[in-house]
Amino acid sequence: MAAVGDLQFEEFGNAAATAAENPGATTISIEGPGESPAHQAGLPRGSGGEEDDELLGNDDSDKTELLAGQKKSSPFWTFEYYQTFFDVDTYQVFDRIKGSLLPIPGKNFVRLYIRSNPDLYGPFWICATLVFAIAISGNLSNFLIHLGEKTYHYVPEFRKVSIAATIIYAYAWLVPLALWGFLMWRNSKVMNIVSYSFLEIVCVYGYSLFIYIPTAVLWIIPQKAVRWILVMIALGVSGSVLAMTFWPAVREDNRRIALATIVTIVLLHTLLSVGCLAYFFDAPEMDHLPTATAAPNQTVAAAKAR
Amino acid sequence: MAKAAESSGEPGTTSPRPLMRDLKAVGKKFMHVLYPRKSNTLLRDWDLWGPLILCVTLALMLQRSSVDSEKDGGPQFAEVFVIVWFGAVTITLNSKLLGGNISFFQSLCVLGYCILPLTVAMLVCRLVLLAEQGPINFMVRLFVVIVMFTWSIVASTAFLADSQPPNRKALAIYPVFLFYFVISWMILTFTPQ
């Protein structure tokens, strides 16, 4: 039995140091309450303090890169490889959609909701729904605007579906690609703390487009003021989700470049929404009551001139 | 196809000709779609003849006449065909990627057969459009299309839902909803000449 004086408290440092100096020792680490259990590989974590660094993503950016790399172990020509991009449950998709609708200042969408499990289900089907929402609402809105005009013949405007599909899918894939390339290039010059993988950027962009689905449906209302208010709201919500996601990734950089990046992101988003509004939805005329024979001809001519 | 083409039966034998047998199988599946209960017939003995017949019928009825064609009219025959098959393939891929245990052709078979109510809706709409146009005409068509759309969704869900993992059912069903919604929209907005 050892003497009392010989008993000393032994400092148990972090698990890595213990494992390094004593290869035979086993280390146990207790994960924090916020960990998502299903998708973490068994890496020992020194502290479960990921919740504190959501915005900065301080010490887990390289871990998540490692985890992301560990997950996709199948070669890319097998079906299982693509199944890893659809590894989400219903409640997770709903959570991500909710996160894109309620941007909370200080919460990063990628860190909070995606957590190194980016999915392609959300972006793909949100874009598909948006394509049809815009095409159908545009068609319906034009029908309602020109209702009652004797010279208007309703056409389903089926061509516009393919145009809408090209625009939306190009935006949802090419802009993230360009942004990812840009961030990678800046990363090579300035050591950024936070870096995103390509799929995470695609994910954020896809989910941020969700707000435009109800907006497109509400654009049926043929009032200019209503439409522009809707544009402002939608842009505010999704623009702030994007800005808050990418601000930590460029913050370390030159001030002007960081600001220019964020401004470009928001500007492209604005261009998309205003462009869709202008192309798919005819301008509501101030007075479209076919009282006199002259008025319908003028409005039809004005509509055709667009 | 599940039943390969065989040589026709010799005259004088008592065995039914394979063509009649195929037609009977297709007809039986139509009945299963019209009265959907949880049964495995559609999944077990899949075939693509039924979907092909339905798709061609729908596309023939939906195509715009070539007279007014160019300027943003309704879809062409090929466009409808492509939408139906491309949509069905995409939904099937989606459900397989989510972890469903249904085979590729089984899923195509179910989705194709469940277009039957919407094809019936198209026929009814074409008949209704022969009458005088107006809001009542539109209301009747709207009602018919909505009923048939719901029927299609219910039928396909009855067949497909069991093959999905339980916590992803909604994720797999939503694209089916979108698919039939788009087809219903094409049927509803069909204007002759």
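How each quantity is defined
Residues numbered from 1 in each chain as written. Chains lettered and ligands numbered in written order. Predicted model: local features only at pLDDT ≥ 70, side-chain atom pairs only at ≥ 80, totals over all residues. Heavy atoms only, no water. Helix = DSSP H or I, 4+ residues; strand = E, 2+ residues; numbered from the N terminus. Contact = heavy atoms within 4.5 Å. Areas by Shrake-Rupley, 256 points an atom, 1.4 Å probe, with all protein chains shown as cover. Salt bridge = Lys/Arg side-chain N within 4 Å of Asp/Glu carboxyl O. Polar contact = N/O pair within 3.5 Å; in protein donor to acceptor, adjacent residues only side chain to side chain. Nonpolar A, V, L, I, M, F, W, Y, C, P; charged D, E, K, R; others polar. Buried < 20%, exposed > 50% of the residue type's maximum accessible area, 1.4 Å probe, protein only. Disulfide = S-S within 2.5 Å. 1 Å grid on protein atoms, 1.4 Å probe; cavity = no way out; pocket = protein on both sides within 12 Å on 5 of 7 lines; lining within 4 Å. Points joined across faces, edges and corners; volume = space filled by probe spheres on them. Axes fitted to C-alpha atoms, helices over the stretch in contact; angles between N-to-C directions. Parallel < 35°, antiparallel > 145°, perpendicular 65-115°, else oblique. Left-handed = near helix turned anticlockwise from the far one by under 90°. Phe/Tyr/Trp six-rings, centres within 6.5 Å; stacked < 30°, edge-to-face > 60°. Lys NZ or Arg CZ within 6 Å of the ring centre and 35° of its normal.

Would you explain the overall build of chain B in this entry?
The helix and strand inventory of chain B stands at 8 helices and 0 strands. Here the contacts in chain B between residues at least 6 apart in sequence split such that 70% fall between residues at least 24 apart. Carbon and sulfur atoms provide 70% of the accessible area of chain B, an area that totals close to 9800 Å².

Mind showing me how you'd approach the interface of chain B and chain A here?
Often, the extent of an interface is quoted as the loss of accessible area upon association of its parts. Tallying the contact residues gives 28 residues for chain B and 26 residues for chain A. Counting across the chain B and chain A interface gives 3 salt bridges. The residue Arg168 of chain B makes a salt bridge to Asp87 of chain A at a minimum N-O spacing of 2.8 Å. Our enumeration of links across chain B and chain A arrives at 11 residue pairs in polar contact (both at pLDDT 80 or more). Those elements giving two or more residues to the side of chain B that touches chain A turn out to be helix H4 (77–97) and helix H8 (169–188) of chain B. For the side of chain B that touches chain A, the leading source of residues is H8 of chain B, giving 10 residues. Its residues placed into classes, the side of chain B that touches chain A shows 13 nonpolar, 9 polar and 6 charged.

Explain the environment of Cys125 of chain B to me, please; I cannot follow it from the model alone.
All names here are of chain B. Note that Cys125 resides in helix H6 (residues 116–129). Here Cys125 falls in the buried class, since its relative accessible area comes to 2%. Separated by 16 residues in sequence, Cys125 and Arg141 have C-alpha atoms that sit 5.7 Å apart. Among residues more than four places away in sequence, those in contact with Cys125 are Arg141, Val145 and Ile187.

Which parts of the structure should I look at to understand the state of the cysteines?
What we call a disulfide is simply a covalent bond connecting the sulfur atoms of a pair of cysteines. Residue and element names in this part refer to chain A. For the structure on display, the rule yields 0 disulfides over all chains. Between Cys127, a free cysteine, and Cys203, which holds the nearest cysteine sulfur, the sulfur-to-sulfur gap is 11 Å. The exposure class of Cys203 is buried, given its relative accessible area of 0%.

I would appreciate a short explanation of empty space enclosed by the protein in the present structure.
Sizing a probe to match a water molecule and rolling it over the atoms shows the empty space that remains. A full pass over the atoms with the stated rule returns 10 cavities of 30 Å³ or more. Space inside the largest cavity adds up to approximately 140 Å³. Every residue lining the largest cavity is counted, 14 residues in all, and those nearest its centre are Ile136, Pro156, Phe158 and Val161 of chain A together with Trp185 of chain B. If you list the elements that add at least two residues to the lining of the largest cavity, you get helix H6 (121–145) and helix H7 (159–189) of chain A together with H8 of chain B. When residues in the lining of the largest cavity are grouped by element, the largest group, 4 residues, is from H6 of chain A. Taken together, the residues that form the lining of the largest cavity break down as 10 nonpolar, 2 polar and 2 charged. In this model, the second largest cavity occupies a volume close to 90 Å³.

What's the story with the packing of H6 of chain A against H8 of chain B in this structure? I'm lost.
Close contact between H6 of chain A and H8 of chain B brings their axes to 12 Å; oriented N to C, the two are set at 20°. With respect to each other, H6 of chain A and H8 of chain B are oriented roughly parallel. With respect to the hand of their crossing, H6 of chain A and H8 of chain B are arranged in left-handed fashion. Note on element contacts: H8 of chain B touches H6 of chain A through Leu171, Tyr174, Pro175, Leu178, Phe181, Val182 and Trp185 of chain B, opposite Tyr121, Trp125, Ala128, Thr129, Phe132, Ile136, Asn139 and Leu140 of chain A. Class assignment of the residues belonging to the contact of H6 of chain A with H8 of chain B gives a composition of 13 nonpolar, 2 polar and no charged.

Would you take a moment to explain the packing of aromatic side chains for this structure?
Residue and element names in this part refer to chain A. Following the criterion strictly, the structure yields 23 aromatic pairs over all chains and no others. With a centroid separation of 5.1 Å and an interplanar angle of 80°, the aromatic rings of Tyr81 and Tyr82 are classed as edge-to-face. Tyr82 gets classed as partly exposed once you look at its relative accessible area, which sits at 37%. Both rings, one in Trp219 and one in Phe281, keep their centres 5.4 Å apart while their planes meet at 75°; by these two values the pair is edge-to-face. In this pair, Trp219 sits in the loop between helix H9 (212–218) and helix H10 (224–250) while Phe281 sits in the loop between helix H11 (255–280) and helix H12 (294–305), placing the two residues 62 residues apart along the sequence. In terms of burial, Trp219 and Phe281 fall into one category: buried. Members of the aromatic cluster, joined through ring pairs, are Tyr171, Tyr196, Tyr205 and Phe246. Residue placement shows Arg186 over the ring face of Trp185; its charged tip is 5.1 Å from the ring centre.

Read these as layout, nothing more, since geometry by itself doesn't imply function.
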